[in-house]
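So the chains spell out like this:
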There are 4 protein chains.
Amino acid sequence: MIKVGIIGATGYAGQELVRILAGHKEVELVWYGSQSYKEQSYASVYRNFFHIVHADCKGDNIQEMANLVDVIFTATPQGLCASLMDEEILSKVKVIDLSADFRIKDVSVYEKWYGIVHPNPQFIQEAVYGLCEVNREKIKKARLIANPGCYTTCSILTAYPLVKEGLIDVNTLIIDAKSGTSGAGRGAKISNLFCEVNENIKAYGVGSHRHTPEIEEQLGYAYGKQFTLNFTPHLVPMNRGILVTEYANLQRSVTYEEIKEIYNTYYGNEEFLRILEKGIYPETKWVEGSNFVDIGFHIDTRTNRIIMMGAMDNLVKGAAGQAVQNMNLLFGLEESTGLEFVPVYP
Amino acid sequence: MIKVGIIGATGYAGQELVRILAGHKEVELVWYGSQSYKEQSYASVYRNFFHIVHADCKGDNIQEMANLVDVIFTATPQGLCASLMDEEILSKVKVIDLSADFRIKDVSVYEKWYGIVHPNPQFIQEAVYGLCEVNREKIKKARLIANPGCYTTCSILTAYPLVKEGLIDVNTLIIDAKSGTSGAGRGAKISNLFCEVNENIKAYGVGSHRHTPEIEEQLGYAYGKQFTLNFTPHLVPMNRGILVTEYANLQRSVTYEEIKEIYNTYYGNEEFLRILEKGIYPETKWVEGSNFVDIGFHIDTRTNRIIMMGAMDNLVKGAAGQAVQNMNLLFGLEESTGLEFVPVYP
Amino acid sequence: MIKVGIIGATGYAGQELVRILAGHKEVELVWYGSQSYKEQSYASVYRNFFHIVHADCKGDNIQEMANLVDVIFTATPQGLCASLMDEEILSKVKVIDLSADFRIKDVSVYEKWYGIVHPNPQFIQEAVYGLCEVNREKIKKARLIANPGCYTTCSILTAYPLVKEGLIDVNTLIIDAKSGTSGAGRGAKISNLFCEVNENIKAYGVGSHRHTPEIEEQLGYAYGKQFTLNFTPHLVPMNRGILVTEYANLQRSVTYEEIKEIYNTYYGNEEFLRILEKGIYPETKWVEGSNFVDIGFHIDTRTNRIIMMGAMDNLVKGAAGQAVQNMNLLFGLEESTGLEFVPVYP
Amino acid sequence: MIKVGIIGATGYAGQELVRILAGHKEVELVWYGSQSYKEQSYASVYRNFFHIVHADCKGDNIQEMANLVDVIFTATPQGLCASLMDEEILSKVKVIDLSADFRIKDVSVYEKWYGIVHPNPQFIQEAVYGLCEVNREKIKKARLIANPGCYTTCSILTAYPLVKEGLIDVNTLIIDAKSGTSGAGRGAKISNLFCEVNENIKAYGVGSHRHTPEIEEQLGYAYGKQFTLNFTPHLVPMNRGILVTEYANLQRSVTYEEIKEIYNTYYGNEEFLRILEKGIYPETKWVEGSNFVDIGFHIDTRTNRIIMMGAMDNLVKGAAGQAVQNMNLLFGLEESTGLEFVPVYP
């Protein structure tokens, strides 16, 4: 059994980790870290776990935790994981960080977009960006995984094969993204109240959302050169789900079959990526509660553009599910262990 | 492997059966019956099953099905299962009927509330009412299971111990129930359109809902004598979940601890029934996607009443989950096999 | 023009007052009081008012306000209005209090249910309970109006004629109420976050909700004697609307027409009360954005009970709309002035 | 009093016309046309109108109607209004068509995108495209108004000033639109059921939505030359509201102030268009129930693009409200008569 500790177990992503790991047959969850609810029963914070989780929340003593567990997940605000990291911990346990602290290789870019001084930039280089379908082999050998952001996972996977194959003009790439509200976390803010979100849709972080440089960096690796793009997130009145609608000019005339073939080449063997049939476009509800990313596309010959669409559960493949997928890779398990959720409908 | 066929696999309850059985390790699902979508790919009707279910829908030929499977689930409109039933089928396979056809022992009550002439009343007596926690031993030996209604499961289980112990005045029992919209099925009706249900709440079937006599009959068995009660369902703008709020006069002065002890006696060993802590009342979200029923209560000394509350996922414990629980009992499996879902939150 | 000041203009009820008064042709709104947003532009707090309201928020200096306006609305937490009240203010302006401070005549009941020491109980007796359809004549002559609570308005009006006529056994009266989330206010609390409320329903304040004694007191006046009842509120995932479902034993055998006639006698000339047709039950969406209360009922001969149902917009007739109706009465205007909203559908 | 008839009064747009006209002091609504509900009480179809509208639905006899009224609104499926039109009717009454039949000047484009043979193309040229803020003077003199589509109104108004001023590269213009579900109408279709729409977001009509050529034609007039663009609508789980997010490359370096000044020049005097403050982006909730379009923008110097955003209530400014605005212009009334709705929040 793999012994697991979580720092930040009472946020929505942390809670989803607990849900997934509760059904993971190779895992024993031994540390439910939560500074806010320390010493309270975990099931009193999330009553869905009543009769399932019997433990109390503990604090965030990573040194102590590192002596007890094999892997630590950090599902905490930006900067916290970075501040806790040191060589001793990494020598004892694997660390899978769900925050952005180790995702961006250029520390100055991180510091500019996040407005934080990175306390331990010396670990950034060794950290592996945990986008499993792209970096699988590197992940297996890593000590420190930078688990991708929710928007970025969906945005990158949707465009990746076409960017890598040079089929689209990357300088025309525009990503219009829509997310359920769980992506905003469980903080008590007026803007996230039911009455403010319900019956409403809005863009936010226009031109300034922190997932922008992360998407640019990773798609830049695929393309072979860095480029900029527009990324605009929107808040949708639903709990879970991300949909991205991506637009780009085609570099040359292509057929539906050519594009489909490229997606198949890259993703045809991927258990969690589903390339939809012709004329079918993804809906977030078809992936809810699962680790799938559904991808569809349309070639618009009138404008010579391709519209690529991807849908995903932001808390599963966009956070906790992908983190567990990374853990499975790190420990040599079947990659889908504990993640074979059939999407819940309706 | 238990071979399974479903008649009515493309309704919401049928679809939920497919979801649950897809993860049930002792089951092979070999017949996806759907008159409406016959010969269409099942995954084209419910795209959450893309890459998971590869079969096409078949019709409703129960004779042919009975030769191929060990158990048939019928998740069809009232009257259909009854019309298909005969001795030959019951001699070959187990039948678990999710409709109301075999739930009510007095055929005249059935015919009055449902406005249908029962085509095969001769099987009503042998049918076992599949409320697992109450009729477990009878279920194990049955050929034909009448799977309880959604409202009834939650309504009965919430009050059952106190009715049976004679602690409440059954003639004062009032059940005010609230359900998500999946309970209304997938029929294309104006009253179930998003714009009609969203931002709205209403009572319906006031004084005339068909689950009323079913609740009365079963609680009558517990009480030892038949009685009438009020049951009022409401439609809530959410997909899943049933909450019941039940009111009754207490027969004598009781303490919280006495009542709690009674619930514990009846349900303390039940895996799927959770008696909440003092002062905690059930919320549908805490059980979503799971087979749990959560129960709480409050004693109001001002009015000498007890308010009992129960919450449940109408498609799981209220339909497909309980049906699978019945199947597990019928085939001697661990009762919770395939049903260990952790509730999905948020 | 009537000059108006609001204390607590940036809560949901205060905001609804601003919306209604912005369209009231006899009113000039001169003071937008908000301790939290003092000196900020009102339209920056509620951007629906951009280009409509140009004023900034002011503080809560009631003495200064009393010199500038003819009527003050207080839409503030319990205890604040009571603490501000004195003879001088009441000698200068009319006060319409949307909090509970002056609703309950027995100060010990107020103090027990609200857990507050009432700072100025000497004004409780003169305060008129502002349920317009019941206390119209008294309201016209009042200085201080206790505007009824949202649940109470709907609960009382739905049962009032039958209680007053002695047709129901008041000791069996049970009120099961359901409210949209705007009733919980705009405070930043985890329990009111979108992800916690959406796809969820729960009871709260079971046996202890503060509107209970208010309903009991007012229906006690109608009945001629005080009695106790059960009132259970539920939180529904929608913004606006209250539905009450009320159960009581009938004192004698009655026909539908008799009951209908009684409702007509009491409410037939009331502009804002609509008694629905036979077999039609109220839905909150049919009254959204309006000052209507819709009422329907069903006689259950099986159980000798009547089920009465009422629906209302909690922010209009349940708060700001009724407050303006009271203001119209106080100033001798047509009672419906500024309140002729057609309900918004869908 | 202007006498008004509506053909298609029982669709959502027709119903919104009734709501608005019920409060319009210069209008008498004398014909509620509805083929589906002929001879039924209008208020039994939409119970929000109980006690407000007392008329029954009539059929669609436009000849008879033309003798009774001054203006006819048609809120009907594509093709119907066109089939009813003739010189005699236009000589008697004004016609405001909410369908697409007379919006597109090139009949072959209409016939291609709508798949309908236009029965009366001879009236297309004289029809005036009823986008009030753009075609005000022409509207005043028209007999036949082609009321713009919902998506098109919001899409065009958001980009119009910058297109007309040549500030953006129109060949890079991409419109990503999001709409509430009332835009899909009241037809009983599975895809519009509550359970299918709720907790879901999807794109639809990708590359093929019928509003595309309408937007292209109108923006082409502004630009002085026709061009193509991408328009992608999405279905959002809310009743009302459209948000458009539009992307285009800037033709030259511009400042925020320059762009703001251009919007002010075009829209500064427009009562229903609100240009938001710097850093504020539109939300559909801030305009709900009103005739406003809110517009905001962000200049992204990293990518040399501008992101323009517009929000609107699809049933008001996107349908019935704009239709009434057109009527006001046609009859020489104050343009905002009957349309001074304060947006309803929350």
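Tallying secondary structure elements over chain A gives 12 helices and 13 strands in all. Here the C-alpha atoms of chain A give a radius of gyration of 20 Å, agreeing with the 20 Å that 2.2 N^0.38 yields for 346 residues. Structurally, chain A occupies a C-alpha span of about 60 × 45 × 40 Å along its principal axes. Counting only residues that meet the buried cut, chain A has 68% of its 346 residues in that class. Within chain A, counting contacts between residues at least 6 apart in sequence, those at least 24 apart form 71% of the total. With the model as given, the accessible surface of chain A reaches about 10,700 Å², and the carbon-plus-sulfur share is 48%. Treating the 32 positive side-chain charges of chain A as one cloud and the 41 negative ones as another, the clouds have centres 1 Å apart.

This brings us to the pairing of strand 1 (residues 2-7) of chain D. All names here are of chain D. With 5 of 6 residues buried, strand 1 is to be regarded as a mostly interior element. Here 6 bridges tie strand 1 to strand 2 (residues 27-33), and the two strands are oriented parallel to one another. Pairing of Ile-6 across the sheet is with Tyr-32, part of strand 2. With 4 bridges connecting them, strand 1 and strand 3 (residues 71-74) associate as parallel partners. For Gly-5, the partnering residue across the bridge sits in strand 3 and is Ile-72.

Take the sheet that holds strand 9 (residues 230-235) of chain D next. Residues and elements named next belong to chain D. Across the sheet, 7 strands lie side by side as 8-9-7-10-13-12-11; this open sheet has mixed pairing. Edge positions in the sheet fall to strand 8 (202-203) and strand 11 (273-275), since each has one partner strand and no second. Direction of pairing for strand 10 (residues 242-249) relative to strand 13 (residues 305-312): antiparallel, over a ladder of 8 bridges. Bridge assignment links Glu-246 to a residue of strand 13, and that residue is Met-308.

Within the fold, His-234 of chain C resides in strand 9 (residues 230-235). We classify His-234 of chain C as buried; its relative accessible area is 0%. Side-chain polar atoms of His-234 of chain C contact the side chain of Lys-178 of chain B, separated by 3.1 Å. Once residues lying within four places of it in the same chain are set aside, the contact partners of His-234 of chain C are Lys-178, Leu-243 and Thr-245 of chain B together with Tyr-151, Asp-176, Ala-177, Lys-178, Ser-179, Ile-201, Lys-202, Ala-203 and Tyr-204 of chain C.

With that out of the way, let us pick up the packing of helix 7 (residues 132-140) of chain A against helix 12 (residues 316-330) of chain A. Residue and element names in this part refer to chain A. As a packed pair, helix 7 and helix 12 sit with axes 9 Å apart at the nearest point and diverge in direction by 35°. When the axes of helix 7 and helix 12 are compared, the crossing they make is right-handed. Contacts between helix 7 and helix 12 involve Cys-132, Glu-133, Arg-136, Ile-139 and Lys-140 on the former and, on the latter, Lys-317, Gln-322, Gln-325, Asn-326, Leu-329 and Leu-330. Residues that form the contact of helix 7 with helix 12 fall into these classes: 4 nonpolar, 3 polar and 4 charged.

It is worth spelling out the nonpolar core at this point. Counting 99 residues, the largest nonpolar core has Val-4, Leu-21 and Phe-73 of chain B together with Val-4, Leu-21 and Phe-73 of chain D as its most contacted members. The residues contacting Leu-21 of chain B, other than those within four sequence positions of it, are Val-4, Ile-6, Val-27, Leu-29, Phe-73, Val-324 and Met-327 of chain B. If you look at the next biggest cluster of nonpolar residues, it comprises 98 residues, including Leu-315 of chain A together with Ile-2, Phe-49 and Ala-75 of chain C.

Superposition of chain C onto chain B requires a rotation of 180° combined with a translation of 0.0 Å along the rotation axis, giving an RMSD of 0.0 Å. A rotation of that kind, with that shift, is consistent with a two-fold axis. Within chain C, the C-alpha atom positioned nearest to the axis of rotation is that of Pro-237 of chain C, 3.3 Å from it. Most of the interface of chain C is mirrored in chain B, where 100% of its interface residues again form contacts.

Residue and element names in this part refer to chain C. For helix 12 (residues 316-330), which comprises 15 residues, the first-to-last C-alpha distance of 18 Å sits more than 12% below the rise-based estimate of 21 Å (1.5 Å per residue). The largest bend along helix 12 reaches roughly 45° and is located at Gln-322. After helix 12 finishes, the residue Gly-332 shows a positive phi value of roughly 70°.

Looking now at the confidence of the model for chain A. The predicted model of chain A averages 98 in pLDDT, with 100% of residues at 70 or higher. Listed scores for the predicted complex are pTM 0.98 and ipTM 0.98.

For the rest of this paragraph, the subject is the relation of the copies chain A and chain D. The operation relating chain A to chain D is a screw motion whose rotation component is 180°, with 0.0 Å of axial translation and a residual RMSD of 0.0 Å. Most of the interface of chain A is mirrored in chain D: 100% of its interface residues are interface residues there too.

Our focus in this paragraph is the interface of chain C and chain B. When the parts come together, some accessible area is lost, and that loss is often what is quoted as the size of the interface. With 48 residues of chain C at the contact, the number on the chain B side is 48 residues. For the pair chain C and chain B, the summed buried area comes to about 4,100 Å², and 52% of that belongs to carbon and sulfur atoms. Area buried by chain C at its contact with chain B is led by Glu-199, Ile-201 and Arg-302 of chain C, which between them contribute 17% of it. Asp-176 of chain B is paired through a salt bridge with Lys-178 of chain C; the nearest N and O atoms lie 3.0 Å apart. Here chain C is connected to chain B by 32 residue pairs in polar contact (both at pLDDT 80 or more). Sorting elements by how many residues they give to the side of chain C that touches chain B places strand 7 (residues 174-179) of chain C first, with 4 residues. Grouping the amino acids of the side of chain C that touches chain B by side-chain chemistry returns 20 nonpolar, 15 polar and 13 charged.

Right, let's talk about the pattern of salt bridges for a bit. For side chains of opposite charge, pairing can occur when their charged atoms come near one another. The full count for this structure, using the stated rule, is 76 salt bridges over all chains. Note that Arg-103 of chain B and Glu-214 of chain B form a salt bridge whose closest N and O atoms lie 3.0 Å from each other. Residue Arg-103 of chain B is located in the loop between strand 4 (94-97) and helix 6 (107-114), and its partner Glu-214 of chain B is located in helix 10 (residues 211-223); the two are separated by 111 residues in the primary sequence. Considered together, Arg-103 of chain B and Glu-214 of chain B belong to a single accessibility category, that of buried residues. A network of salt bridges, in which partner residues are shared, links Glu-16, Arg-19, Arg-240 and Asp-313 of chain A.

Right, let's get into the environment of Lys-58 of chain B. Residues and elements named next belong to chain B. You can see Lys-58 is positioned in the loop between helix 2 (42-45) and helix 3 (62-68). Residue Lys-58 is classed as partly exposed on the basis of its relative accessible area, which comes to 33%. Linking Lys-58 and Ser-34, residues 24 residues apart in sequence, is a C-alpha distance of 5.9 Å. In this structure Lys-58 touches Val-30, Trp-31, Tyr-32, Gly-33, Ser-34 and Lys-38, once residues within four positions along its chain are discounted.

The rules behind these values
Residues numbered from 1 in each chain as written. Chains lettered and ligands numbered in written order. Predicted model: local features only at pLDDT ≥ 70, side-chain atom pairs only at ≥ 80, totals over all residues. Heavy atoms only, no water. Helix = DSSP H or I, 4+ residues; strand = E, 2+ residues; numbered from the N terminus. Rg over C-alpha atoms; globule rule 2.2 N^0.38 Å. Buried < 20%, exposed > 50% of the residue type's maximum accessible area, 1.4 Å probe, protein only. Contact = heavy atoms within 4.5 Å. Areas by Shrake-Rupley, 256 points an atom, 1.4 Å probe, with all protein chains shown as cover. Lys, Arg positive; Asp, Glu negative; His and termini not counted. Charge placed at Lys NZ, Arg CZ, Asp CG, Glu CD. Pairing = 2+ DSSP bridges. Polar contact = N/O pair within 3.5 Å; in protein donor to acceptor, adjacent residues only side chain to side chain. Axes fitted to C-alpha atoms, helices over the stretch in contact; angles between N-to-C directions. Left-handed = near helix turned anticlockwise from the far one by under 90°. Nonpolar A, V, L, I, M, F, W, Y, C, P; charged D, E, K, R; others polar. Core = buried A, V, L, I, M, F, W, Y, C linked by side-chain atoms within 4.5 Å. Least-squares fit on C-alpha atoms with pLDDT ≥ 70 in both. Expected span 1.5 Å × (residues − 1). Bend = angle between axes of the 7 residues up to and from the residue. pLDDT = per-residue confidence, 0-100. Buried area = accessible area lost by both parts, 1.4 Å probe. Salt bridge = Lys/Arg side-chain N within 4 Å of Asp/Glu carboxyl O.

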